[in-house]
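Below, each chain spelled out in residue letters.
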Amino acid sequence: MDVLEAIQTRRAVRDYLDRPVGASTVNSLLQAAVQAPSAMNRQPWRFAVIQDAARLKRYSDRAKELLLADPKLDQKTRVYRDLLSAKEFNIFYNASTLVAVCVEERGPFSDADAWLAAENLMLTACDAGLGTCCIGFALGVLNMPEVREELRIPASGAAIAPIIVGYPKAIPPAPPREDPRVLAWLT
Ligand SMILES: Cc1cc2nc3c(=O)[nH]c(=O)nc-3n(C[C@H](O)[C@H](O)[C@H](O)COP(=O)(O)O)c2cc1C
């Protein structure tokens, strides 16, 4: 699969087979992630890999509580209130693996660096026949003090880009994309 094909076929996968992702596969995704560009080549990314279903379920349950209790829930998240309230809903869609792309130290460009690494990881996973999905819903729980401690995220850092990885049961159709809206093209 070439890069363009991976870009075009990658989808947010929310339905997974009950099949683990092996350590060598996860390592190959991390190797791809660290090839991303980073500001001043600082490579601030660090990775927490979670493949323990019980722990993921605990994090999911806590994330749902946090999101539902947050008075600053934005309008979009509010739309998901019913989903988040459903006992059986797992914010990680029962994927076998969560890779939390973290940063060692937060700086003006560190979040961008982490997301660029995350995109490399997702495109490489797509090439390997794996599904992925960014899980913004997980940011609150992953950055709770006790969870940061479990994931060994340093005090100066943060979890930035939570990405689930697994073997897809179903790949959804591509949501429509708007054509690029060019604000300016000055020649
Ligand atoms: C920063 C970010 C956070 C996201 N958070 C979630 C999430 O919490 N749960 C979810 O199901 N999808 C989440 N998504 C996936 C988007 O909904 C998905 O990428 C978008 O609908 C476009 O679909 P596609 O990725 O298949 O092109 C997130 C995507 C991004 C980039």
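Procedures and definitions
- Residues numbered from 1 in each chain as written.
- Predicted model: local features only at pLDDT ≥ 70, side-chain atom pairs only at ≥ 80, totals over all residues.
- Heavy atoms only, no water.
- Helix = DSSP H or I, 4+ residues; strand = E, 2+ residues; numbered from the N terminus.
- Rg over C-alpha atoms; globule rule 2.2 N^0.38 Å.
- Buried < 20%, exposed > 50% of the residue type's maximum accessible area, 1.4 Å probe, protein only.
- Areas by Shrake-Rupley, 256 points an atom, 1.4 Å probe, with all protein chains shown as cover.
- Lys, Arg positive; Asp, Glu negative; His and termini not counted.
- Charge placed at Lys NZ, Arg CZ, Asp CG, Glu CD.
- Arc of directions from axis to C-beta.
- Contact = heavy atoms within 4.5 Å.
- Expected span 1.5 Å × (residues − 1).
- Polar contact = N/O pair within 3.5 Å; in protein donor to acceptor, adjacent residues only side chain to side chain.
- Salt bridge = Lys/Arg side-chain N within 4 Å of Asp/Glu carboxyl O.
- Core = buried A, V, L, I, M, F, W, Y, C linked by side-chain atoms within 4.5 Å.
- Near = heavy atom within 4 Å.
- Nonpolar A, V, L, I, M, F, W, Y, C, P; charged D, E, K, R; others polar.
- Pairing = 2+ DSSP bridges.
- Axes fitted to C-alpha atoms, helices over the stretch in contact; angles between N-to-C directions.

**Things to note about the overall build of the protein chain**
Thought 1: Looking only at helices and strands, the protein chain has 8 helices and 4 strands in total.
Thought 2: Starting at the N terminus and walking to the C terminus, you meet the elements of the protein chain as α-α-β-α-α-α-β-α-β-α-α-β.
Thought 3: For 187 residues, the compact-globule estimate of 2.2 N^0.38 gives 16 Å, and the C-alpha radius of gyration of the protein chain, at 17 Å, lies within 12% of that figure.
Thought 4: Along the first, second and third principal axes, the C-alpha set of the protein chain runs to 50 × 40 × 40 Å.
Thought 5: Taking all 187 residues of the protein chain together, the buried fraction comes to 40%.
Thought 6: When the accessible surface of the protein chain is summed, it comes to about 11,300 Å², and 55% of that surface belongs to carbon and sulfur atoms.
Thought 7: Charge-centre separation for the protein chain: the mean point of 22 positive side chains lies 3 Å from the mean point of 22 negative side chains.

**Structural notes on helix α2 (residues 23–33)**
Thought 1: For α2, every residue scored as buried is listed here: Val 26, Leu 29, Leu 30, Ala 32 and Ala 33. All buried residues of α2 lie within an arc of 160 degrees about the axis, which places them on one face of the element. Pointing more than 90 degrees away from the buried face of α2 are the exposed residues Ser 24 and Gln 31.
Thought 2: Buried residues along α2 sit in contact with β1 (45–50), β2 (97–103), α6 (110–127) and β4 (158–166).

**With respect to the environment of Lys 169**
Thought 1: Its location among the elements puts Lys 169 in the segment after β4.
Thought 2: With sequence-adjacent residues up to four places away left out, Lys 169 is seen in contact with Asp 15, Tyr 16 and Leu 17.

**Considerations on helix α3 (residues 53–69)**
Thought 1: Along its 17 residues, α3 runs 24 Å from first to last C-alpha, staying within 8% of the 24 Å computed at 1.5 Å per residue.
Thought 2: Three or more residues of α3 are buried, namely Leu 56, Tyr 59, Ser 60, Ala 63, Lys 64 and Leu 67. Seen along its axis, α3 keeps its buried residues to an arc of 140 degrees; they face one direction.
Thought 3: At the N-terminal end of α3, a side-chain oxygen is found 3.1 Å from the backbone nitrogen of Ala 54, two or three residues along, and the residue is Asp 52.

**Focus on unusual backbone geometry**
Thought 1: Its identity as a non-glycine residue notwithstanding, Met 40 has a phi of 55 degrees, on the positive side.
Thought 2: According to the relative accessible area criterion, Met 40 is exposed, its value standing at 69%.
Thought 3: Positive phi values are uncommon outside glycine, yet Tyr 93 reaches one of about 50 degrees.
Thought 4: In this structure, Tyr 93 sits in the loop between α5 (81–85) and β2.

**Re the pattern of salt bridges**
Thought 1: In the structure shown here, the tally under the stated rule is 7 salt bridges.
Thought 2: Each of Asp 52, Arg 55 and Glu 150 takes part in a single network of salt bridges with overlapping partners.

**Topic: the nonpolar core**
Thought 1: Counting 28 residues, the largest nonpolar core has Tyr 59, Ile 91, Phe 92, Ile 135, Leu 142, Leu 151 and Ile 164 as the members making the most contacts within it.
Thought 2: Put simply, the parts of the chain that give this core at least two residues each are β1, α3, β2, α7 (139–142), α8 (145–151) and β4.
Thought 3: The greatest single-element share of this core, amounting to 4 residues, is contributed by α3.
Thought 4: Contact partners of Ile 135, with chain neighbours within four places excluded, come to Ile 91, Phe 92, Tyr 93, Pro 162 and Ile 164.
Thought 5: Val 26, Val 101, Ala 114 and Ala 125 belong to the second-largest nonpolar core, a separate cluster that totals 23 residues.

**Quick notes on the site of the ligand**
Thought 1: Taken together, 13 residues are adjacent to the ligand, and Arg 11, Ala 12, Arg 14, Tyr 93 and Arg 177 come closest.
Thought 2: At a separation of 3.3 Å, a nitrogen atom of the ligand approaches a polar backbone atom of Cys 134.
Thought 3: For the shell around the ligand, the per-class residue count stands at 8 nonpolar, 1 polar and 4 charged.

**As for the sheet that holds β4**
Within a sheet, adjacent strands bond to each other through the backbone by hydrogen bonds, running parallel or antiparallel.
Thought 1: Strand order in the open sheet formed by 4 strands is β1-β2-β4-β3, and the pairing between neighbours is antiparallel. What marks the edges here is a single partner per strand, and that holds for β1 and β3 (131–134). Ignoring strand direction, the axes of neighbouring strands in this sheet form an average angle of 25 degrees.
Thought 2: Where α2 meets the sheet, its contacts fall on β1, β2 and β4, and the angle it forms with β1 comes to roughly 160 degrees.

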